[in-house]
Amino acid sequence: MSSADSSLAASLKPGPAEATAERALLSEIDVSTRRPVFFFLCAALVWLLAGTAFALIASFKLHNPAFLGQAEWLTFGNVRTAHLNSVVYGWATNAAFAVAIWLMARLSRAQLRHLGILDVAGLFWNVGVAIGVVGILRGDSTSIEWLEFPAYATPVLFVAYALIGLWAIITFRFRQPGHVYVSQWYLLAALFWFPWLYSIAQIMLVFAPARGAVQPLVNWWFAHNVLGLWFTPIGLASIYYFLPKVLGKPIHSYYLSALGFWSLALFYNWAGVHHLIGGPEPAWVITAGIVASLLMVIPVVATGINHHVTMVGSFGRLKDSPTLRFIVFGGVSYTLTSLIGSAMAVRSFNELAHFTHFTVAHAHHGLYAFFTMVMFGAIYYMMPRLTGREWPSAPLISVHFWFCAVGITIYVVGLKIGGLIQGWEMIATTTDPQTGEVALRVPLFLDIVKHTLPYLVSRSLAGVMITIGHLAFAVHFVWMLLQPRAVAGTQPVRLSPDAALPASRA
Amino acid sequence: MSDAHPDPVEPTPAHQRENPEPHEQQHFPSLLLLFLCSVLVFSSALYLQRYSGNFDPLVYNEEVQGTGVAAGSGAAAAADPVVVGKKLYVQNCVTCHQATGQGLPGTYPPLAGSDWVVGNEEAIIRILIHGLTGPVKVSGMDYGSAAMPAFGPLGSNWKDEKIAHVLTYIRQEWGNKAPPVTPETVARVRAATANRGKAWTAPELAEFHESK
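Because the structure is predicted, anything quoted here is derived from the model rather than measured.

J.: Which residues make up the overall build of chain B, and what are the values?
T.: Looking only at helices and strands, one finds nine helices and four strands in chain B. Relative to its 212 residues, chain B shows a buried fraction of 38%. Considering only intrachain contacts with a sequence separation of at least 6, the fraction spanning at least 24 residues in chain B is 55%. Element-wise, carbon and sulfur atoms account for 60% of the exposed surface of chain B, whose accessible area totals about 11,700 Å².

This is how it looks when you write it as structure tokens:
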């Protein structure tokens, strides 16, 4: 393509013959990916709704313990764990598979081969997740954070994943020669990293558990890297693709892309250890984890600058493009949550924020405000190309965006404040008026719980808003599929019809 | 070799209006950014060095610094002498004295219930440091066909702590209930017998053994 020519006008209107040929090629590739991508998207949507329901139940229970108190399967321990696993392995991973497959095929300019592999993998993965979630609700969960699926569910998941990794390598292998775009680096790395993480963690924690100081290290190496080396690369690959694609502008700098990618690959792997600050681990291991967390500022800032400079001058487009709106919200959240995450690894701040609601807010900031929002943006772009139908309703997209965006903002801000209060009260000290001796104020657990109550309620409120957003999305998704093709227009959905902007390419 | 998609596909309206595939420009990042990254890497390295606990696997307190902080000294948690002693016993003593502490009748004397072991510590400290040779009577039985090797400078050259730990272990295992042996006592005995160049014999130790 016109790689040397970077002017906006030329990018928007490449030579007509060339552009037509490219569109025909992309169209054929998209059709070849339709069956598996569509399967993963539908599965993701189902898990999103299930995970949201679990989340609401868990959130209500925290300020109203009697809620569903008689239901054995829905104790807080079961339902919170079911929420985590169904959104992480059900929603987020299925969505990541769909987006990764679609992007990988497009960027490799290769029609999808070996659909059978993906069909089997998709089926196995979702059966595995279903067995695992039911197992958790039955009370069979392991005690290992992020690996709570009972051991009888996980081999199926691993087989599924190995098949997808294999498929990605095959597709990449058959790519058209030429420059490998930054999104592909992230996709290929993520599809290689995740099975590595998952298999080693399963073996070292579930099937032949490591003992002593090694066990928590493996646990947090895995749990944090699921975010950093699986969801983050898929999310960044999506931003790197959709941002310039929707804007019709090139990415600002190849060098910043490379700096961001390699520094992520180098530093992230160590960062999870900061969850063990204060724990029984050799000092140097903890310090190395903290240093790696701080160095994560480099990839985050490099990537953030790269995206921001690409975006500058085009913020008006946020008014009408649904994809851009979700993607930009996700990209900004990525920068924020990562910088806060680096700060949380510093010993003095960790002492305050660790083991409080602050960490919970941070996790949702990353997995929801960043990753999930980016996936929504990607789905808004992909669906018209997979189905040949347009999104039928701009108002439903607005409802989806605003309820989710405002909801997650209330969630993160409210719970972070609540977490800080909780943290301050737990490490507060008192001074003896006579002797002047400083001692740890022994906190009354119930007092602290009461002080965090308003923030737990704000979390439930945010949860209700997010649920409304998800329902709007689900209704819209089904509506899009059910509407007769004749009725489906050929005009793109535009969030702001009167905006004086070029026709949306969303 | 690919799955067949024989029909030419009509691009969807969405395809017909979409922008070309993305690419990247070659803008070099600002030198200020690279400089700041370097500063961050450099200061992180300083932090790692400062709070590494000397990269010692037994140092759990990141404030410990300086070289030569050996495992087992101050910074690391004090080890339980019985636990360490048992490990030393398993590695060095079980071949003859057996895991049960019963030895082999007629060849290797027992440690369980032995009057030498639970008696005056002066005797067994000397035996550990320099070894024992010749006939010896233990719990009423005669032994003497095998020699007890030295673990002090004549043999394995153990430090005072190791000798104290293994002795404390055998004095408190298999129903033995004698007080622990401290490294300080071992050090005192070692100093008092510094000139000795061969293993002890039972009569030489009789004064300690019978004075229990």
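J.: How would you summarise the packing of helix H2 (residues 16–63) of chain A against helix H13 (residues 357–387) of chain A if you had to cite specific residues and measurements?
T.: All names here are of chain A. At a minimum axis distance of 10 Å, the contact between H2 and H13 shows a crossing angle of 135°. The orientation of H2 with respect to H13, classified from their angle, is oblique. Two packed elements cross with a definite hand, and for H2 against H13 that hand is left-handed. Two secondary-structure elements touch here, H2 through Asp30, Thr33, Arg34, Val37, Phe38, Leu41 and Leu48 and H13 through Phe376, Ile379, Met382, Met383, Arg385, Leu386 and Thr387. Tallied by class, residues from the contact of H2 with H13 come to nine nonpolar, two polar and three charged.

J.: Please set out the environment of Ile57(A) residue by residue, giving values where relevant.
T.: Residues and elements named next belong to chain A. Within the secondary structure, Ile57 is located in helix H2. Residue Ile57 is classed as buried on the basis of its relative accessible area, which comes to 16%. With 13 residues separating them in the primary sequence, Ile57 and Gln70 have C-alpha atoms 13 Å apart.

J.: Can you tell me about the domain arrangement of chain B, naming the residues and giving the values?
T.: Taken domain by domain, chain B comprises domain 1 (31–79) and domain 2 (81–209). Here the C-alpha centre of domain 2 of chain B lies 42 Å away from the C-alpha centre of domain 1 of chain B.

J.: Describe the nonpolar core, with residues and values.
T.: Core analysis: the largest hydrophobic core is formed by 152 residues, its most contacted members being Tyr89(A), Trp91(A), Phe222(A), Trp230(A) and Trp391(A). Formed by 20 residues, the second largest nonpolar core is a distinct cluster that contains Cys93(B), Leu128(B), Ile129(B) and Val189(B).

J.: Describe the packing of helix H6 (residues 182–207) of chain A against helix H8 (residues 254–271) of chain A, listing the residues and the values that go with them.
T.: Angle between the axes and distance between the axes: these two values describe a pair of packed helices. Residue and element names in this part refer to chain A. The geometry of H6 relative to H8 is characterised by a closest axis approach of 10 Å and an angle of 10° between their N-to-C directions. Between H6 and H8, the angle is such that the two are roughly parallel. Of H8, the residues touching H6 (which contributes Val182, Trp185, Tyr186, Ala189 and Trp193) are Tyr254, Ser257, Ala258, Gly260, Phe261, Leu264 and Ala265. Each residue belonging to the contact of H6 with H8 can be placed in one class, and the counts come to 10 nonpolar, two polar and no charged.

J.: If you had to explain the interface of chain A and chain B to someone new, which residues and values would you point to?
T.: Between chain A and chain B, the residue contacts involve 71 residues of the former and 44 residues of the latter. Between chain A and chain B, a total of about 4,900 Å² is buried, with carbon and sulfur atoms accounting for 61% of that surface. The largest contributions to the chain A side of the interface with chain B come from Arg23(A), Tyr255(A) and Trp284(A), which together make up 12% of the buried area. One can count seven salt bridges joining chain A with chain B. Two residues, Lys245(A) and Glu21(B), come together in a salt bridge whose shortest N-O distance is 2.6 Å. One can count 24 residue pairs in polar contact (both at pLDDT 80 or more) joining chain A with chain B. Listed by contribution, the elements that provide at least two residues to the side of chain A that touches chain B are helix H1 (8–12), H2, helix H3 (76–108), helix H7 (214–247), H8, helix H9 (283–295), helix H10 (297–311) and H13 of chain A. The biggest single contributor to the side of chain A that touches chain B is H2(A), with nine residues. Its residues assigned to classes, the side of chain A that touches chain B shows 39 nonpolar, 18 polar and 14 charged.

J.: Break down the packing of aromatic side chains for me, citing the residues and quoting the values.
T.: Residues and elements named next belong to chain A. Taken as a whole and judged by the stated rule, the model has 52 aromatic pairs over all chains. Plain terms: the ring middles of Trp185 and Tyr254 are 5.9 Å apart, the flat faces sit at 90° to each other, and that makes the pair edge-to-face. Highlighted residues: Trp185 in helix H6 and Tyr254 in helix H8, separated in sequence by 69 residues. For Trp185, a relative accessible area of 16% puts it in the buried group. The exposure class assigned to Tyr254 is partly exposed, which follows from its relative accessible area of 25%. Note on Phe401 and Trp402: the rings are 5.1 Å apart at their centroids and 80° apart in plane angle, and the pair reads as edge-to-face. Directly above the aromatic system of Phe172 lies the positively charged group of Arg175, at a separation of 4.2 Å from the ring centroid.

J.: Quick one: what's the story with unusual backbone geometry, residue by residue and with numbers?
T.: Residues and elements named next belong to chain A. Phi is positive for Arg109, close to 50°, though the residue is something other than glycine. In this structure, Arg109 sits in the loop between H3 and helix H4 (115–138). Judged by relative accessible area, Arg109 falls into the partly exposed class, the value being 24%. Here the phi dihedral of Trp146 falls at roughly 75°; this positive angle occurs in a residue that is not glycine. Mapped onto the elements, Trp146 comes out in the loop between H4 and helix H5 (154–173).

J.: Pulling in residues and values, what's your account of H8(A)?
T.: Residues and elements named next belong to chain A. With 18 residues, H8 should cover 26 Å at 1.5 Å per step; its first-to-last C-alpha distance of 26 Å lies within 8% of that length. For H8, the principal kink sits at Ala265 and spans about 35°. Those residues of H8 that fall on the buried side of the exposure criterion are Leu256, Ser257, Ala258, Gly260, Phe261, Ser263, Leu264, Phe267, Tyr268 and Ala271. For H8, the capping residue at the N-terminal end is Ser253, with a side-chain oxygen 3.1 Å from the backbone nitrogen of Tyr255.

J.: If you had to explain the pattern of salt bridges to someone new, which residues and values would you point to?
T.: Tallied over the full model, the rule gives 19 salt bridges over all chains. Here Glu62(B) makes a salt bridge to Arg347(A), at a shortest N to O gap of 3.4 Å. One end of the pair, Glu62(B), is in the loop between helix H2 (31–50) and helix H3 (81–92); the other, Arg347(A), is in helix H12 (residues 347–353), on a second chain. Residue classification places Glu62(B) among the buried positions, given a relative accessible area of 18%.

J.: Which residues make up a nonpolar patch on the surface, and what are the values?
T.: Residue and element names in this part refer to chain A. A contiguous nonpolar patch, built from Phe39, Val120, Leu123, Phe124, Val127, Ile131, Tyr152 and Val159 and spanning about 640 Å² of accessible area, is present on the exposed surface. If one sorts the elements of the nonpolar patch by residue count, H4 sits on top with five residues. In this fold, Val127 is placed in helix H4.

What counts, and at which threshold
Residues numbered from 1 in each chain as written. Chains lettered and ligands numbered in written order. Predicted model: local features only at pLDDT ≥ 70, side-chain atom pairs only at ≥ 80, totals over all residues. Heavy atoms only, no water. Helix = DSSP H or I, 4+ residues; strand = E, 2+ residues; numbered from the N terminus. Buried < 20%, exposed > 50% of the residue type's maximum accessible area, 1.4 Å probe, protein only. Contact = heavy atoms within 4.5 Å. Areas by Shrake-Rupley, 256 points an atom, 1.4 Å probe, with all protein chains shown as cover. Axes fitted to C-alpha atoms, helices over the stretch in contact; angles between N-to-C directions. Parallel < 35°, antiparallel > 145°, perpendicular 65-115°, else oblique. Left-handed = near helix turned anticlockwise from the far one by under 90°. Nonpolar A, V, L, I, M, F, W, Y, C, P; charged D, E, K, R; others polar. Domains from an automatic or database assignment. Core = buried A, V, L, I, M, F, W, Y, C linked by side-chain atoms within 4.5 Å. Buried area = accessible area lost by both parts, 1.4 Å probe. Salt bridge = Lys/Arg side-chain N within 4 Å of Asp/Glu carboxyl O. Polar contact = N/O pair within 3.5 Å; in protein donor to acceptor, adjacent residues only side chain to side chain. Phe/Tyr/Trp six-rings, centres within 6.5 Å; stacked < 30°, edge-to-face > 60°. Lys NZ or Arg CZ within 6 Å of the ring centre and 35° of its normal. Expected span 1.5 Å × (residues − 1). Bend = angle between axes of the 7 residues up to and from the residue. Patch = residues over 30% accessible without salt bridge, like charges linked within 9 Å, V, L, I, M, F, W, Y side chains within 5 Å.

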